[in-house]
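# Reading the structure
Listed here are the chains, written in short residue letters.
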There are 2 protein chains.
Amino acid sequence: MPKFNPMKHIEKYIEENKDRFVEELFGLLRIPSVSSLAVNKPDMYRAAEYWKQLLLNAGADKAEIFETEGNPVTYGEKIIDPAKPTILIYGHMDVMPVDPLNLWTSPPFEPEIRDGKIWARGAEDNKGQSMMHAKAFELMVSTNTLPCNVKFMIEGEEEVGSQNLGKWCEQNKEMLKADIILVSDTSMIAPDMPSITTGLRGLAYWQVEVTGPNKDLHSGLFGGAVANPINVLTKLIAQMTDEQGRITIPGFYDDVVEISAEERALLAQAPFDLEKYKQSLDIAEVSGEVGYTTTERTGIRPSFDVCGIWGGYTGEGAKTVMPSKAFAKISTRLVPNQDHQKIEILFKEHFESIAPKSVKVEVTYLHGGYGYGCPIDLPAYQAAEKAYVDVYGKRPVPVRSGGSIPIISTFEQVLGIKTILMGFGLESDAIHSPNENFALEQFFNGIRTIPLFYKYFAEMV
Amino acid sequence: MPKFNPMKHIEKYIEENKDRFVEELFGLLRIPSVSSLAVNKPDMYRAAEYWKQLLLNAGADKAEIFETEGNPVTYGEKIIDPAKPTILIYGHMDVMPVDPLNLWTSPPFEPEIRDGKIWARGAEDNKGQSMMHAKAFELMVSTNTLPCNVKFMIEGEEEVGSQNLGKWCEQNKEMLKADIILVSDTSMIAPDMPSITTGLRGLAYWQVEVTGPNKDLHSGLFGGAVANPINVLTKLIAQMTDEQGRITIPGFYDDVVEISAEERALLAQAPFDLEKYKQSLDIAEVSGEVGYTTTERTGIRPSFDVCGIWGGYTGEGAKTVMPSKAFAKISTRLVPNQDHQKIEILFKEHFESIAPKSVKVEVTYLHGGYGYGCPIDLPAYQAAEKAYVDVYGKRPVPVRSGGSIPIISTFEQVLGIKTILMGFGLESDAIHSPNENFALEQFFNGIRTIPLFYKYFAEMV
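Sequence order as written defines the numbering, with residues in each chain counted from 1. The order in which chains are written sets their letters, starting at A; the order in which ligands are written sets their numbers, starting at 1. Local features in this predicted model are restricted to residues of pLDDT 70 or higher, and side-chain atom pairs are both shown and tallied only at a pLDDT of 80 or more, whereas totals for entire chains, interfaces and linings draw on every residue.

### Focus on unusual backbone geometry
Asp125(A) connects to Asn126(A) through a cis peptide bond whose omega is 0 degrees. Secondary structure elements follow DSSP: runs of H or I of four or more residues count as helices, runs of E of two or more count as strands, with numbering from the N terminus. Note that Asn126(A) resides in the loop between strand E5 (117-119) and helix H3 (127-142). Following Asp99(B), the chain continues into Pro100(B) via a peptide bond in cis, with omega recorded as -5 degrees. Following the sequence through the fold, Pro100(B) ends up in the loop between strand E3 (86-92) and strand E4 (112-114). A positive phi angle, close to 70 degrees, is found at His432(A), a residue other than glycine. Positive phi, normally seen in glycine, also occurs at Ala430(B), with a value near 55 degrees.

### Thoughts on the sheet that holds strand E18 (residues 437-439) of chain A
Residues and elements named next belong to chain A. Strands pair, by our definition, only if DSSP identifies at least two bridges between them. With respect to topology, three strands assemble into an open sheet ordered E4-E5-E18, the strand pairing being antiparallel. The open sheet terminates on both sides in strands that have one partner only, identified here as strand E4 (112-114) and E18. When the angles between neighbouring strand axes are averaged without regard to direction, this sheet yields 30 degrees. Inspection of the sheet shows E4 paired to E5 by three bridges, in the antiparallel sense. If you follow Ile-113 over to E5, its bridge partner there is Ile-118. Axis lines are fitted to C-alpha atoms, over the contacting stretch for helices. Their N-to-C directions set the angle, which ranges from 0 to 180 degrees.

### Some details on helix H2 (residues 41-58) of chain A
All names here are of chain A. To estimate the expected span of a helix, count its residues, drop one, and scale the result by 1.5 Å. In this model H2 runs 26 Å from its N-terminal to its C-terminal C-alpha over 18 residues, within 8% of the 26 Å that 1.5 Å per residue would give. Exposed residues have 12 or fewer other C-beta atoms within 10 Å of their own C-beta, buried residues have 20 or more, and partly exposed residues fall in between, where C-beta atoms are placed from the backbone. What H2 keeps buried is the set Asp-43, Met-44, Ala-47, Ala-48, Tyr-50, Trp-51, Lys-52, Leu-54, Leu-55 and Ala-58. Contact between two residues is assigned whenever their backbone-derived C-beta positions fall within 7 Å. Where H2 is buried, its residues touch helix H1 (8-29), strand E1 (62-66), strand E2 (73-78), H3 and strand E6 (149-155). Remark: Gly-59 follows H2 within two positions and exhibits a positive phi of approximately 125 degrees.

### So, the domain arrangement of chain A
The accessible area lost on association of the parts is a frequent measure of interface size. All names here are of chain A. Each domain's extent was defined by an automatic or database domain assignment. The domain boundaries assigned to chain A delineate domain 1 (8-200 + 371-460) and domain 2 (202-256 + 302-369). Computed from C-alpha atoms alone, the centre-to-centre distance between domain 1 and domain 2 is 39 Å. Counting residues at the interface gives eight residues for domain 1 and eight residues for domain 2. Those elements that provide at least two residues to the side of domain 1 that touches domain 2 are strand E15 (372-373) and helix H12 (406-415). Of the residues in the side of domain 1 that touches domain 2, the class split is two nonpolar, six polar and no charged. Classification used: nonpolar for Ala, Val, Leu, Ile, Met, Phe, Trp, Tyr, Cys and Pro, charged for Asp, Glu, Lys and Arg, polar for all others including Gly.

Structure (structure tokens):
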């Protein structure tokens, strides 16, 4: 491979092709591939076909549409030398619904550019961000600078929980072999503050049902003598966390890995304005586990949240009833080393064990997922770091997100491959909301950064 | 007044008039005087008129329909001698709705007799029980055995909270002057086990609203760092009662009068089968304040019940949300000496004071009422006791009900008159439910017992 100025050929190619890049993204954005709506099922196939052509046009050796029990997956690859490292790109072609439609300034499936941004459903999540990879791949092939093998896996069910992708990966393990999975489906702190998401939390989610008497009772005639299931439920939930903001389920923290002081210091570089945070939520004080900052509380520590609760009379005015049943939906967010299947049992056993005999308790597991952690000494992390420095002129900050993308940990479990999350989105992109948008500058910076990641990664591995 | 065998003239009069008594009750039962339904407003006036004629026919000096801001009140009186004691009868002409109609064996407003019982809405509550008083009054007038003055106050809003009766009493204090108020709107333990209700609990009822962040948040991105209003609400509620089943609100028990060992022993005579009680509710264990029996827990002790709770996602499956708000409807039942207006403030202040600064808390008082206690050494109690012994051959058991009839304590507050609760209903009467009924035997036993009460009461006072 010839020596080259890392930026020069990239700038030239982008300059010559930028309008076409945007037009190709617009073509994809015009397909209303809403995965949660049955009416858009044909659009999923149109999007899969669009991606197949994109990859072939960009220089893939082959591209193919795979059926699953749900929506199709488009797979494509270019193998320049089996001895060289392989990067597997993951993205998704499906988008969220557009309601409420009346809040959109321009129609969600008629993309347009205003104020230096592309406006459309999927402009960022994930059509815009995955298009950066198609175009970066094309750029490297066209400029003869592709330093390694590349594979693309673009699915159609990310917004509905990637129900079929795990199984599809299982069935296509051999084909998907790679050294790293590269995903752009996260955001960075600010246009002048690049960041890399190094952690995602796992999840365990239950529904609990507490049954007291076999029918609703008069709260006067029975109040004080029969266990009220709402009273009991509040006591059970209240006992799940302590005064220190820690979860009291025995064994819950057993697999929680304490983050090193060094990484905590790095994480602390991410700018965070506590006053602005409180103002934006209209709260007087934040709250959480003693000994950790707000960023750490969501990034590196587990959490316990009741997502819903109900029971008894909830209408206007007063009704003096002691209900027969009370319910809650309870979720814990887990840190990477915690096993949601183990937590599932620990919670259930503990909840049942502390319930008084005066009620019956039923705990149902609704779903769960593993967290994901990307060590900052991983070669892919260091390659990404160098690529961002070249384009943004700044070392990116490692960030741990409090959210969950369970498919990322599924990749690690099923394929045994780590993922590097190089997100170019911004908080202002309004993903999942009306007026979703993606800054053109971020779109092109993504196309600038990705080939540099390939280069540094190929050199390192 | 001539000497007479306490029972003989009573038996004779009942025997000669019993069919007419039942037919007159049927006439009242055929009026669908459902106070909660606007469509039945004219029926309230028909019922008031029916009562006016009943009283005049029975021998009242005068009877009159009084307007209130709501439904009318029928008032009637017979003053035989201003120097003699006066008994004020309270009853209500309105009834509860009849839904679900399809569960009735015979139409609710077409009374009929089956199995020795009258079946109709209001058969017991309260048309049947108040008709006993009209007929007992007629009996005494007709047999020239009325030993004192008598006043009737029959209202039309008991089933919707007696909203206007307190004010009406206030406006007619002079007219309503009496030595005792006599009410048959409760039940007795069993046909062979007479009882007198000596206590009713008071009530204080609030709605609480806990607000965390100003909008629903993603439970992953914010969970662990922002106070979740449901988590907080469960902790606040859980803290309201302790391990001993006692209410922890400071000052809550200040005005609770400990019942004497003697009265507790009397109360314990009421038959109570704990195993049957648990079986009928399908609970493994009862629950409540340590140191008190089940009967005492509802009868002589206050209680704390959440009547409703809601917040967050309550639909199918899982939604990972941290809601902005959580709500609960909270009720305490109070014992006679407790002041619900004082408790209102104590709860509000305590609830607000223990809430963390990370949330906002709003406490709204929905309603309240005083409890009522009838001392067993009250002359009216002793007169009632003797009357029951004459008719049932057994000393009645004093019973404290866990329920509330706030108007009874209003009478005490506004008119300064105690009430004696001589109920002839049975648990099986299905009041407020489909197939309401009243045993003919109880109806006639009421008419037998009431004149004896008059006799003994007039002799004592």
